[in-house]
Every structure is written in structure tokens, then in C-alpha cells.
Amino acid sequence: MLRHLQNKPSAGRASTLLLQQWQQSCCYHSEKGVFGYKPRKPREFKVPEDVVQSRNAQGNVYRWVEAYRKYGHKLAAVNPISIKSQQSFLEELNPVFYGLQSKECVKPQGIFNAPELASPTTTVEELERLLKEIYCGNTVSAEFGYVENLEEREWLAVHFEKLRSECQQYLSNDNRKQIAELLIKSQAWDNFMATKFPTVKRYGGEGAESLLAFFWQLLRNSVQDDLEHVVVAMPHRGRTALQTILLQMRPVKVFHKLSGESEFPDGCQAMSDVISHFHISEDLQVDGKTIHLSMVRNPSHLEAANPVAMGKTRSKQQTLKDGAFSDEAGKPFASSALNIILHGDAAFAGQGINQECLNMAYVPHFEVGGSIHLIVNNQVGFTTPGDRGRSTDYTSDLAKTIQAPVFHVNGDDPEMVALVTKLAFDYQRQFRKDVFIDMNCFRRWGHNELDDPTFTNPKVYSIINNRKSVPDLYTEKLIQQSVLSPEEATNIRSQYMAYLNEELLLVPKYKPEPNYFQKQWKHITTASSDAITYWDTGLDYGLLNYIGQQSVAYPEGFKVHPHLKKTHIDGRRKKLNEGQKIDWATAEALALGSLMYQGYNVRISGEDVGRGTFSHRHVMLVDQESNEMFIPLNGLNEGKSGKLEVAHSILSEEAVLAYEYGMAIDNPDNLIIWEAQFGDFANGAQIIIDNFIVSGETKWMDSNGLVILLPHGYDGAASEHSSCRIERFLQLCDSKETAPDSDNVNVQIVNPTTPAQYFHVLRRQLVRNYRKPLVVVAPKILLRLSAATSTYKDFEPGTQFLNVLGDTSEVRPDAVKRVILCSGKHYYALDEVRQSKNLQDTAIIRLESLCPFPTYELQKELEKYKNAKTFIWAQEEHRNMGAWTFVQPRFENLLGQKLVYCGRVEAPTSATGIGKVHKREVEEILQRPFQL
């Protein structure tokens, strides 16, 4: 159960080499960076002197061309179904506005980059024609004038102005036929689904078929650049068409699901999900090379999967030693793993999680080397027209917050979609920054195929219903150009339809294959459904003392804060050497450091997690003169040298927690911890908790060992800083009320009361052979409460996390008439009252684990008290909150005893903001249990 540790170092071992390693690898705000973060080196760029001279000599021409680069998109007609008249004039684009006349000769060299300008001299009239074609056409336009970086703007101008001329050069006729085949198959897929499954909401790709051209181009560029992994987040629209046509998913899997069966093998306990949430994890063969594509699961909460994909991408990068995880100096992120995010138009503009994701894009410990975004712009959200779904001109305008360039492209032109994809890819590779493609298209049907969109959008759907499909338009174009024959187009469709019919006939015999616990998860299994298991997580104290001493070591000359030197560093060393009064932060350091010693990597994420909300953790030390920061645990020079990544997050819960979930589902051998600043704030991430963390394994067989720390406790801090809403997490768990629980619950919820218990529960996450998300109701006042400490014996081999802590007082079991059960810090206040009253007839039992509910452990404890008549549940929380409604039915059904409630009365908010009321409530809930 516990990996055997050899060659344990002695406790007081000091090392000059260790200090040198710190100086080299632990600096956080230095030029050398820290584990998981290396500052980007400034890029050197200078506009060539001859170009500068040309622009200065023709200042008005340059200003005019720059105006097209900045405003030309306003006159572009890239919307294939527009019902509004297109703006045709903009004063800023008028050459007269810059003192230029139409017949005037100009020299655009160094100013304008279109290859069509073969001559060094041209007229204003000719230059205007080219500018309009490039920046104001009906196929593609661009926005990048707001990009502050000069090199990026110059690069974008040069490459975008060459885009049209590259169409014939880059896309061969064979390439165009490949794109046509994809589009024809996409249309055939949707037609087949509509015929065979007419009552299914399939969220087809009709009207947006060109997204297959995007992926076709993207995969080709990816293998050409030797990428190993592509991680994709994608909403419903066109998902199954893409998966079955380009990403190797068998159509029979979809048909089998639609016949009423599960997508998982017989015996799998997953509740499953709809076809529009299917995922892909496949090795693809592209142009003779192999690349792995992983499409993350998505719920119906649009855009929620995006930070999950970002987190999963970063986890891949860590495994592959990509970017800052590499030993190579200057290796950028996304050298091996690339993140791709698809958006819906209304969802991208409307969902706040997108702003959070973009805000994380270049934050240390969250960057992934730039994501490529495709907005599938249907120009309607459910039934809401685009201009009612946002206050901005474009659905993509949020991209401007991080100065990401945007290419607006007409979805009726799959060739241009492919070319723009190449341009976006090249930009991402050049600068490792985010880039957006806004593909203007439409939905052939309504929000789903059973919806009638003409109720609310009659004009738009009058256009849609009277126009040809995108595949038909493109096929006809290639036929007219003699690139594709009518017979070839017919054969593509008929052969694919025949293949789909063959797949449909296989449904009765189809047996789904397991797609879980494979590759890096192959040593992980499902949790036991028979019992609650215990895992030996204790360690030799000599090793733990060594780890603890190193957790507060710092280099010679480092100017540590004097208060930390006295209380944190010297205090910890003294406690460790004595093996007594080991506090919460020390126990946490011992848990993390010991896992690192065994070779596991650890990541702790959240707002100010390096210091800790309550200034207790201090896994990072800051030099008070230089502002340099050090992570002492990363200097461990013994063991297998796992690393600690301290990820100070943006002020967000939803996207950050989803990001950590994405990391947790990718690698089971990394301990991923997210800490809320206060437990109350977790409700900002409720979508992620509901749809991924507590249900991901049940729906999708996606296990994860994510740890969520939620500071909790009624200390008079009013409603937003008291409760982590234990009741909500307990309501979300699948613990049984009428039968004993086993390990196999969807989420494990603990409320530990000692540092040693916290130590063991953290280590248990990786030591055992299965993964479950862990919610820790974390302490506040217990962090420094002298009664809430542990001794070295609590950490020794043979010790473990205990689901129940029995009474530790000296009361005689046969004298006990009253048994109080509680969970968390409330125990210490109750015990203090008991001692003050010198009560010998009361036992107090702590439930350290709430889910799974510890039936057998409780039964064993209660057997000690044969004469007990009254059983009380005591809690700080209000009656409609806390664990009462969870504990009562299980206690009464499984243990056969009536349980009496003692706590605050029902309330609509979690805690009062009136000091006197708070004190009165505390007095009542502490005295009343002993009066029953």
C-alpha cells in the first residue's frame, strides 16, 4: 500500500549544495524563474531602416494604409446571411482624408505588402482597389490594429496582405478535393442522422461544415511542426460529424448510443451522457506522422470545458517537459502540446468564464503557450439575434482584452477558412500567444433540429431556407473549375452513406470498448464497492523531520521577514526537533514534501496560496530587500525529486478550479490542490463542481484526485466568510442513507480536526490505487489553536487517516449517558465546555469523514457506551445547513438510534453580521448539548 522508502536521511542534515540549487532554481521573480515558470525573454525587433525611410517619405500613404489595417474590417462583407445593409463608406479610409488623389502615383514599397504590386510605383486608385480587396472583401478581414507590440503588428500586416495570393499556391487541387470530401461527408452525416434518427437533438454542423476545413488544416500544420498532442475544447455543434469523419470515432458508437444503450462496456457503472458530449482521445495519422488528439468532455454549460482543456494541456506539457518544465533554456510552451478552443458566438460573448480564461492566458503557472480559438459564429444564441446578445460590434471583441488578433472569415469559403487557420497557426507558433478566427456561418435548423427558428428570426431563416448548403456551393465551385467531377462528388456521398448503413447494421452486435484507465492511468482502478479501506500513510519520523527542516531552509544572505524568522521558521524547527505541537501548516509541508520525496509532483493553486489566506503556509519565502522568492521544498536533494508548483491564480473561482480539474484528470500521479480564499467563495465555481468534479466519473468514467480546500468556521465574520456550504457538497454526493458506504462514492468529504489527520488524508490521495476528488473542510482558527496539534507518533508508520475519532477524555464508558457527535472545529469548543463543567457522563465523537459515511467505525465507538440514552448531533451551522440533514437519516437508519439536533436555528444566510447576536448564538449552541 505504501511505497517503501530507502536511505532515509538524518534530520538535521545541512547542505551547501542545496542552497546553491535554491539559488539556481527557486527564484520566482528573478530572471531564472521557478519550477513551472520562466520569464519570456524580450524579443529583439527593429523595422528596417529603408522601410522607415519609405514611410517617413510618404507619411500620408502610410497613415492611409494603416487606417485600412485598423478599420478595413468595418466595410468587409464576410457575413453569408446578413439581413442588414453593408456599410460602404468610412471617412478614415478615404484617400482624400490624407491629402491623396486617385491618379496620384505612390511608392508602396515598405508600406504595403501585397504581392500583386509587382511594380514599385502605382496609383492611389490601384492601391485603394487592392486595399479594399484585402481588408474589405467578402471572404476575410482582420483586426489587429489594437495589438501594441510592433513586431506582431508588422508580422500580421505582412502575412495577412499576402494571404489571398497564397490561396492558389498553398492549396493544391488535391488539397481542395480533400476539403470537399470532408464537407460532402459532413452533409451526408447530418442527412443520415436526420433520416434514421429524426427525433434526436443531434446539434448538427449544417451551415458550419467549414469547421472541418479548420481541423484539416490545423492537424496538417501540427504534424509539420512536430507537435505531439493537441487538446481540444468544443461545444455541441458539429461535434459528432467532426469526430466520426476526421477523428476516427466509429459511427456505430453513436448509433449504439441512440438505440438506447450505454457508450461504456457492460458492467461499467457509469450513468453515461448524450452523444453531443462524447469525447475523443486518439492517435491520428496525418501526412504520415502520428499526433494524439484529445477532445475533453463538455457539459451543456457552454464554454465551461475551455479552462478544463487549458489545464489538461498544461498537464501534458509538464509530462512532456514542455516550456518552463523543460531543462532546455528558452524552450517555449506549446512546443509539444497545443491547446485549441472552439466557441459558440453567443456563448463566447455572454459567458464570463471566457474573460477568466483569457485573463489566465499569460499568467505564470497558467500559460500554455497561446491557444488557437475558433468561434463558430451562427449569429444567433438559442433564439436571440447576435446584436441582442452583446454590446460589442463583434462576438469576438473579448479577444481584444489580451490583444489577440482576430480574423473574420466567411464560412461559405472553406478554402479561406483553411488559409486563415494556417495564418493563425503560424502566428501562434511565432509568438506563442492566443489568436482568434471568427467564422461567420449559420445554423440550418434552429437551436436543435426539433426547433422552429422562424418563430423569432423569420428574415434570417428566409435567407437560409432559400440558399444552397456550404458543401453544395463548394462542390459546384470545384466542378466548374474542373477540379472535381460530378461523378466523384456523387461517389463520395454514396460510398459514405453505404458505410454509415453498414455501421448501423452492426449496432445489435456492437460491444463498446473501455476508454478509461489506459496509458498513464493504467495502474489506477475503480474504488472498492465492498468496504471503506484504510491506507498506511505514516512515515519514519527521521525522514519527516528532514523534510520539515528543509521546508523552512533558505540560502545564506537571504533576508527573510523577521516575524517569519521567529514564528514560522524557528518555531517550526523547534516543534520538529521536539516532535511535539506540530501544527497544521507543518503537517501540510510534511505531506507535500514526502510525496515529492517519493517522486510525485505537487501543485497548489488559488489566490495567495504561497502565503495562505491566514498567513500560515509560507511555502514561499520572500527576500525583504530584493523581492526574490524561494520555494524551499523544491530544494530537496534526496529521494526521487518531485517538484512543487505554487500557482498564484487570478481572482477567479470558476475558471481556475476548472483548470485544476483539467490537470487532475490528465495525470493521476500529480497531487493537484485548489484552495478557496474562503470556503464561501467556492459557490463562484458551482458549475464546475456540479458538472465536472462530482459527476465526471459517474457520467464519463473520468476519475480525478483533485483536492479542494475550503476554509470554514463560524468566527463572527458574517455570511461571506463563515461557511463553505458543507450541505451543498453533501447533497451532491451519492452516499447511501439505508446501506453502509464503501470507497466508491463520487466525492470524499472530510472535516479533519488534527494536523496529522490532514497529513494522512493528503498523502492518501496518491498512495491508494484509485482516485476520488477530495473536499477538505479546512480550518481557520485551528491553524494556530494549541489544542489542535499533533505529535511525531501520529505520523509514524502504521498510522493513517481515521474516519472517526473517538472520545479522548478520561470519562468511564459505563458512566456515559450522553454521546455528542460533531465534526470539525466545533469539537474543541464543546470539549472546553465539558472540561469546565467537569462532566463525566458525556462522550464526544468526531466524524472526520462525512462521505463516505463511516457506519462501522461509528458503530464500534457507540458500542463502548452501553448506558448512553441520548445521542446528539452538535454543529455550528444553522439547522438547514451543515451536516445535520446528511448525518441524521444515516445515523438513525444504519445505527438504529434517534439523533437529537443541537445547533443554530434555520436561517436564510449562513451567519449573522451582528457581533452580539453571534456571541449569544455561540453561548447557546455550546451550552444546550449538555442540557439535553
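Read on for an overview of the structure. The numbers attached to residues start from 1 for each chain and follow its sequence in the written order. Local features are withheld for residues below a pLDDT of 70 in this predicted model, meaning they are given only at 70 or higher, and side-chain atom pairs are given and counted only at 80 or more; totals for whole chains, interfaces and linings count all residues. To obtain the side-chain values, all non-hydrogen atoms of the structure were included, while hydrogens and water were left out.

What follows is about the packing of aromatic side chains. Aromatic contacts are taken between Phe, Tyr and Trp rings whose centres are within 6.5 Å, Trp giving its six-membered ring; a plane angle under 30 degrees counts as stacked, one over 60 as edge-to-face, and the others as tilted. Taken as a whole, this structure holds 31 aromatic pairs when the rule is applied. An angle of 75° between the planes, with centres 5.0 Å apart, marks the rings of Tyr827 and Tyr828 as edge-to-face. Residue Tyr827 is classed as buried on the basis of its relative accessible area of 4%. Throughout, exposure labels follow a simple rule: accessible area from a 1.4 Å probe, protein chains only, divided by the maximum for the residue type, with under 20% read as buried, over 50% as exposed, and the rest as partly exposed. Owing to a relative accessible area of 12%, Tyr828 belongs among the buried residues under this scheme. Between Phe871 and Phe891, the aromatic rings sit 6.1 Å apart at their centres with planes inclined by 50°, giving tilted as the arrangement. Taken together, the residues span a long stretch of sequence, with Phe871 in strand β25 (residues 870-878) and Phe891 in helix α28 (residues 884-895) at a distance of 20 residues. What links up through ring pairs into an aromatic cluster is the set Trp189, Phe192, Phe197 and Phe255. Counting from the N terminus, the helices are DSSP H or I runs at least four residues long and the strands are E runs at least two residues long.

Turning to the sheet that holds strand β21 (residues 804-805), a few remarks are in order. When DSSP finds two or more bridges between two strands, those strands count as paired. Taken in spatial order, the 5 strands of this open sheet run β21-β23-β22-β25-β26, and their pairing is mixed. Two strands bound the open sheet, and with one partner strand each, they are β21 and β26 (900-904). Here β21 runs beside strand β23 (residues 842-847); their pairing, made up of 2 bridges, is antiparallel. The residue of β23 that forms the bridge with Val804 is Leu847. In the packing of helix α26 (residues 826-837) onto the sheet, the strands contacted are β22 (818-822), β23 and β25, and the crossing angle to β23 comes to about 170°. Here, residues are in contact when the closest pair of their heavy atoms is within 4.5 Å. Angles here are taken between N-to-C directions and fall from 0 to 180 degrees, while the axes themselves are lines fitted to C-alpha atoms, restricted in helices to the stretch in contact.

Put simply, helix α7 (residues 173-196) and helix α8 (residues 211-224) touch, their axes get as near as 9 Å, and they point 135° apart. Taken as axis vectors, α7 and α8 run oblique relative to one another. Seen from above, α7 lies across α8 with right-handed handedness. Contact with α7, carried on its side by Asn175, Gln178, Ile179, Leu182 and Ser186, involves Leu212, Ala213, Trp216 and Arg220 of α8 and no other residues of that element. The class makeup of the residues in the contact of α7 with α8 is 5 nonpolar, 3 polar and 1 charged. If an angle is under 35 degrees, it is roughly parallel; if it is over 145, roughly antiparallel; if it lies from 65 to 115, roughly perpendicular; otherwise it is oblique. By convention, the crossing between two helices is left-handed when the near helix turns anticlockwise from the far helix through less than a right angle, and right-handed when the turn is clockwise. In this classification, the charged set is Asp, Glu, Lys and Arg, the nonpolar set is Ala, Val, Leu, Ile, Met, Phe, Trp, Tyr, Cys and Pro, and all remaining amino acids, among them Gly, are polar.

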